[in-house]
Amino acid sequence: MRKDDLTVDEATVIAQHARDGVLELDDPEVRKVVEQANRVLVRAQMWGEERSPRLRRRRRFIAIGALLLVLVWVAGLLVPLAVRFG
């Protein structure tokens, strides 16, 4: 984790304060921090709270496997049609 990154707990508190209207979002610096907090929360929801290369590699492998499965399925539908009508 980089030094300037927020933790998930910090991001949660900042996002909650922004939702509650406690923070002044007209200030560009405050808005930047709130946007960073939202990005941290989205990343944590997507990849998990821990930043682990092993976990990220595993999820990438699963996503690529699912994509290959869909591509093979589509090819299985389209290739016979192309052979029959081509």
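Residues numbered from 1 in each chain as written. Predicted model: local features only at pLDDT ≥ 70, side-chain atom pairs only at ≥ 80, totals over all residues. Heavy atoms only, no water.

A. Broad picture of the nonpolar core. Membership of the largest hydrophobic core is limited to 11 residues, which are Leu 6, Val 8, Ala 11, Ile 14, Ala 15, Ala 18, Val 34, Ala 37, Val 40, Leu 41 and Ala 44. Apart from the residues within four sequence positions on either side, Val 34 is in contact with Ile 14, Ala 18, Leu 23 and Leu 25. (Core = buried A, V, L, I, M, F, W, Y, C linked by side-chain atoms within 4.5 Å. Buried < 20%, exposed > 50% of the residue type's maximum accessible area, 1.4 Å probe, protein only. Contact = heavy atoms within 4.5 Å.)

B. Spotlight on the environment of Glu 49. Secondary-structure assignment places Glu 49 in the loop between helix H2 (28-47) and helix H3 (53-85). Separated by 41 residues in the primary sequence, Glu 49 and Val 8 place their C-alpha atoms 6.9 Å from one another. Not counting the four nearest positions on each side in its chain, Glu 49 is found in contact with Val 8 and Ala 44. (Helix = DSSP H or I, 4+ residues; strand = E, 2+ residues; numbered from the N terminus.)

C. Structural view of the UniProt feature "transmembrane region" (unreviewed entry) in the chain. When the UniProt feature table is mapped onto this chain, "transmembrane region" (unreviewed entry) is found at residues 61-83. Between the C-alpha atoms that bound residues 61-83 the distance is 32 Å, and the span itself is 100% helix and 0% strand. (UniProt positions renumbered as here; feature names shortened; annotations may be inferred.)

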